[in-house]
Amino acid sequence: KGLLYQDYKVVPYCPRCGTSLSSHELALGYKDNTEDPAVYIKFELVDEPGTFVLAWTTTPWTLPSNTALAVGKNIEYVKVENAGQKYILSKKRLSILDGDVKELGEVKTEELVGKKYKPLFNYLVNAKSHTIYEADFATDEDGSGVVHSGTMYGQEDFELIKKEGLPERHLIDLKGQFIPEVEKYAGQFVKKADPEII
């Protein structure tokens, strides 16, 4: 009767045990002792070569799975020149750049939405991928005001890919290792691959 369906669901997962974890289990004593390095990534705009959208992530291991960038509706974005590079980021977050920063002009959120950028990796590509989308979860409280979206790895990311029709595929197996298709990091545990991906 169409009452049942099969789909993915984002849940906490233990690659050591090979099992998903309930929120109750996490509340009983989960300790987050894994270092998550925060990095800024330059994504070059297809229609503006030499101009980069500056995005932020605390999960570099999800970068091979990048299919989208998320921008916030009420964030004030600017294009700047810094150390010979042109960047687009939140005006509120200009302090993340070192040295002299020259503002080149305001960039409205609606101007960014729909723009295509050059992918870092070519694993998850379709007509809608590597595009900038508006999303409620993009804020400028930290980072750059632009969020890298890692497809299957995060509830908000997953909701975005479902809504926009982006590729739904895992690049990581149930042991937390990159699958053979991701040749450069194949067989590596995601956290071990972090430094190489960075």
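Residues numbered from 1 in each chain as written. Predicted model: local features only at pLDDT ≥ 70, side-chain atom pairs only at ≥ 80, totals over all residues. Heavy atoms only, no water.

Focus: the nonpolar core
For step 1, the next point in the chain: Ranked by internal contacts, the top residues of the largest apolar core, which has 43 residues, are L69, Y77, I132 and F178.
For step 2, the next point in the chain: Listed by contribution, the elements that provide at least two residues to this core are β3 (39-44), β4 (51-57), β5 (68-71), β9 (131-134), β10 (146-149), α3 (155-164) and α4 (190-197).
For step 3, the next point in the chain: Counting 8 residues, the second-largest nonpolar core is a separate cluster that includes V78, Y87, L89 and L94. (Core = buried A, V, L, I, M, F, W, Y, C linked by side-chain atoms within 4.5 Å. Buried < 20%, exposed > 50% of the residue type's maximum accessible area, 1.4 Å probe, protein only. Helix = DSSP H or I, 4+ residues; strand = E, 2+ residues; numbered from the N terminus.)

What to know about the environment of L97
For step 1, the next point in the chain: Checked against the element boundaries, L97 lands in the loop between β7 (85-90) and β8 (101-107).
For step 2, the next point in the chain: Judged by its relative accessible area of 12%, L97 is buried.
For step 3, the next point in the chain: Between the C-alpha atom of L97 and that of Y87, which follows or precedes it by 10 residues, the distance is 9.8 Å.
For step 4, the next point in the chain: Apart from the residues lying within four places of it in its own chain, the contact partners of L97 are L54, V80, N82, Y87 and L89. (Contact = heavy atoms within 4.5 Å.)

Observations regarding the side chain of S90
For step 1, the next point in the chain: Relative to the helices and strands, S90 is located in strand β7.
For step 2, the next point in the chain: One polar contact links the side chain of S90 to the main-chain amide nitrogen of K92, over a distance of 3.2 Å.
For step 3, the next point in the chain: Reaching out from S90, the side chain makes a polar contact with the side chain of D140 at a distance of 2.9 Å.
For step 4, the next point in the chain: Residues contacting S90, with those up to four places away along its chain left out, are I75, E76, Y77, D140, S144 and G145. (Polar contact = N/O pair within 3.5 Å; in protein donor to acceptor, adjacent residues only side chain to side chain.)

A look at α3
For step 1, the next point in the chain: Every buried residue belonging to α3 is among D157, F158, L160, I161 and E164, and all of these are buried. For α3, the angular spread of the buried residues around the axis is 160°, confining them to a single face.
For step 2, the next point in the chain: Two residues or fewer after α3 comes G165, characterised by a positive phi angle close to 75°. (Arc of directions from axis to C-beta.)

Some remarks on unusual backbone geometry
For step 1, the next point in the chain: Despite not being glycine, A83 shows a phi value in the positive range, around 50°.
For step 2, the next point in the chain: As for its placement among the helices and strands, A83 is situated in the loop between β6 (77-82) and β7.
For step 3, the next point in the chain: Using a relative accessible area of 71% as the deciding quantity, one classes A83 as exposed.
For step 4, the next point in the chain: Positioned with a positive phi, H130 is a non-glycine residue whose angle comes to about 55°.
For step 5, the next point in the chain: With respect to the secondary-structure elements, H130 resides in the loop between α2 (109-112) and β9.

Points about the layout of surface pockets
For step 1, the next point in the chain: In this structure, the largest pocket spans a volume of roughly 1,600 Å³.
For step 2, the next point in the chain: Along the wall of the largest pocket there are 47 residues; nearest its centre are V11, P12, Y13, W61 and Y153.
For step 3, the next point in the chain: For the lining of the largest pocket, the secondary-structure elements that each account for two or more residues are β1 (13-14), β4, β10, α3 and α4.
For step 4, the next point in the chain: Along the lines of polarity and charge, the residues of the lining of the largest pocket split into 22 nonpolar, 15 polar and 10 charged. (1 Å grid on protein atoms, 1.4 Å probe; cavity = no way out; pocket = protein on both sides within 12 Å on 5 of 7 lines; lining within 4 Å. Points joined across faces, edges and corners; volume = space filled by probe spheres on them. Nonpolar A, V, L, I, M, F, W, Y, C, P; charged D, E, K, R; others polar.)

Structural notes on the packing of aromatic side chains
For step 1, the next point in the chain: Considering all chains together, one arrives at 5 aromatic pairs under this definition.
For step 2, the next point in the chain: Ring centres 5.1 Å apart and planes at 75° place the aromatic pair F43 and Y117 in the edge-to-face group. Highlighted residues: F43 in strand β3 and Y117 in the loop between α2 and β9, separated in sequence by 74 residues.
For step 3, the next point in the chain: Centroid distance F121 to Y123: 5.9 Å. Interplanar angle 15°. Geometry classified as stacked.
For step 4, the next point in the chain: On the accessibility criterion, Y123 (18% relative accessible area) is buried.
For step 5, the next point in the chain: Each member of the aromatic cluster is reached from another via a ring pair, and the members are F121, Y123, F178 and Y185.
For step 6, the next point in the chain: Sitting over the face of the ring of F52, K42 holds its NZ or CZ atom 4.6 Å from the ring centroid. (Phe/Tyr/Trp six-rings, centres within 6.5 Å; stacked < 30°, edge-to-face > 60°. Lys NZ or Arg CZ within 6 Å of the ring centre and 35° of its normal.)

These values are about where atoms sit, not about what they do.
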